[in-house]
Every structure is written in structure tokens, then in C-alpha cells.
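Close look at the chain arrangement
As a plain string of letters, each chain reads:
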Amino acid sequence: MIDARSNHDEVLAQRARALVALAERCALDGDESAGVAATALDQLIFLTLANRTSAATARFAYALLRARYATWREVVTAPRDDVAEVIRPAGLAQQRAGLLQGLLARVLADFPDESLAALRAWDDQAVAAYFTTLPGIGPLRAHQVMLYALDRPVFPGTWALRRLLTRLGIVDRAVSLDRVLDAVASLLEPGQHRLVHDRLSAHARDVCAPRHPRCRRCRLADLCAHDRRIQRLRGLTAPRLAKG
Ligand code: SF4
């Protein structure tokens, strides 16, 4: 009798291996990091600014905040309207300013030296549990901070990655995004997670774009379920169009 569970685990492992191999092909599409490459606190602030806006706009707002306040503690004590004015380019300024001040007040009460260095001694689960208690920080953002600021072996499942993996046929009804990314995280050697995540994220952003994926310049097209579907549809509709 076929053991359905071990069969599913094998499918999961195969797809995780395939994804790691595909990431190798994306290497030349750009290795720009999705974070601000700084401390965990910097990354938490950046991600709060990046919520519902582009990374470029969030970087701009982050730079404005950095230029206006000498320390993060000054942001906590500043009038909310002033903070909102500084970060206005990111949008939702008042709401975002309130979230930022609440987050900073919590973190600086827990880690007065701003470094969060104590987190280095915590295991992954404890770090994720702490981050998700902070205002505006859910499991995805917690994993992003862990990957980009603490170099932890996690693989955050962003919307861009969900889109790419669904189009490739690696994620479907049989295999969920979270499970395949957990399998990828456990396959990689320590220190590889950020590079592989960056490569796939850059490909999802720059090539496999939401509305107009650039399939003709995609290095993964020969293995892509979405591209095969499009080619099949073109093959089916072309004769009809020719007749009309
Ligand atoms: S072939 Fe097209 S849909 Fe498939 S991964 Fe590449 S860009 Fe995305």
C-alpha cells in the first residue's frame, strides 16, 4: 500500500530541490537585497515603512527619517505630526507614524541600548515569537527581519515569491507555499538563505512581474507551468485568429 504521507513528503522534497536549482539560474538577474542591510531595529522600521508601498519609496522615507532624527529614541519622543510629516512620501503618514512610535517605544523598553544584541543568543522560535508581539509585525515581517538582519535560516514567503512559485507550478493545491519554503530552508547550508531568497525575489520582481511577466527573457521559461499554459493557449487560438 502506498503511504500517502511519505509520497507527499517526497513530492515536497523534490520541489524544494528544484527550487534551489532554479535559484542558481536567477543569479545574473540581480542580487540586490530586499532589506536595508542594517540592524534588526533598522529593518523593523524599514519594513513598517515598506508596508503597502514600494521598496524604493520605503528606502526614501527611511533615509528622510534617518536624516531628521539622530537616534531612534528621538522618534519616540517627537510629536506624532512631525514624524508623519517626515515620512509622508511613504503614504498613510499618521497611521504609520503611530505604528513606528509604538514599535520603537516597545523595543527600546525591552532593549534600551537599541542594538537588540541579546537576540543573538535566542533560538529562532523565540526570536520570531518576540517580533510578532510588536505593533504591525506579523509572521512574514518577523521572518524578513530574521533573515535580513540576523541571518537566521528562514525563508519568508512574500507575495512576490508566492506569485513566482505558483506560476512555476512548484506551489499548487498539493503543496503549500509555507511547506515548500520550510523545506527549502532546511535544505540550504547556513549562510545561503539570504542569497537564494534575494535571487528568487529579484527574479519575481524584475522578470516575473505581476501583470506583464517577461517570459521571453526568463531563464526559467523552459520549466515554467505558466509559460507552457500560455504557449498551449496560443497554439489553440492562433488558427482561429488566422481564419477570422
Ligand atoms: S516564464 Fe514567465 S511566468 Fe514563468 S517564471 Fe518566467 S516570467 Fe514568470
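Residues numbered from 1 in each chain as written. Predicted model: local features only at pLDDT ≥ 70, side-chain atom pairs only at ≥ 80, totals over all residues. Heavy atoms only, no water.

It is worth spelling out unusual backbone geometry at this point. At Glu-114, a residue that is not glycine, the phi angle is positive and equals roughly 70°. Along the polypeptide, Glu-114 turns up in the loop between helix 6 (93–110) and helix 7 (124–131). Looking at Glu-114, the relative accessible area reads 21%, which means it is partly exposed. Of note, Asp-151 is a non-glycine position whose phi angle comes to about 55°, a positive value. Here Asp-151 is to be found in the loop between helix 8 (139–150) and helix 9 (159–168). (Helix = DSSP H or I, 4+ residues; strand = E, 2+ residues; numbered from the N terminus. Buried < 20%, exposed > 50% of the residue type's maximum accessible area, 1.4 Å probe, protein only.)

Take the site of the ligand next. Within the structure, the ligand sits among Leu-164, Arg-167, Leu-168, Val-207, Cys-208, Pro-213, Cys-215, Cys-218, Ala-221, Cys-224, His-226 and Asp-227. Its atoms largely coinciding with the cavity grid, the ligand occupies the largest cavity. Those elements that provide at least two residues to the shell around the ligand are helix 9 and helix 12 (225–243). It is helix 9 that contributes the most residues to the shell around the ligand, three residues altogether. The residue makeup of the shell around the ligand, split by class, is nine nonpolar, one polar and two charged. (Near = heavy atom within 4 Å. 1 Å grid on protein atoms, 1.4 Å probe; cavity = no way out; pocket = protein on both sides within 12 Å on 5 of 7 lines; lining within 4 Å. Sits in = over half its atoms within 2 Å of the grid points. Nonpolar A, V, L, I, M, F, W, Y, C, P; charged D, E, K, R; others polar.)

One way to put it is that helix 2 (residues 40–50) packs onto helix 3 (residues 55–68) with a least axis distance of 8 Å and a crossing angle of 125°. By the angle class used here, helix 2 and helix 3 are oblique. Crossing angle aside, the handedness with which helix 2 passes helix 3 is right-handed. Residues Asp-42, Ile-45, Phe-46, Leu-49 and Ala-50 of helix 2 lie in contact with helix 3, whose contacting residues are Ala-55, Ala-58, Arg-59, Ala-61, Tyr-62, Leu-65 and Arg-66. Grouping the amino acids of the contact of helix 2 with helix 3 by side-chain chemistry returns nine nonpolar, no polar and three charged. (Axes fitted to C-alpha atoms, helices over the stretch in contact; angles between N-to-C directions. Parallel < 35°, antiparallel > 145°, perpendicular 65-115°, else oblique. Left-handed = near helix turned anticlockwise from the far one by under 90°. Contact = heavy atoms within 4.5 Å.)

Scored by pLDDT, the protein chain comes out at a mean of 88, with 91% of its residues at no less than 70. Note that residues 239–244 has pLDDT below 50 and, in this model, zero contacts with residues that lie over four places away or in other chains. (pLDDT = per-residue confidence, 0-100.)

Take empty space enclosed by the protein next. The full count for this structure, using the stated rule, is one cavity of 30 Å³ or more. Its volume calculated, the largest cavity comes out at about 100 Å³. Taken together, 14 residues form the lining of the largest cavity, with Cys-208, Pro-213, Cys-215, Cys-218 and Cys-224 sitting closest to its centre. For the lining of the largest cavity, the secondary structure elements donating two or more residues are helix 9 and helix 12. For the lining of the largest cavity, the class distribution of residues is nine nonpolar, two polar and three charged. (Points joined across faces, edges and corners; volume = space filled by probe spheres on them.)

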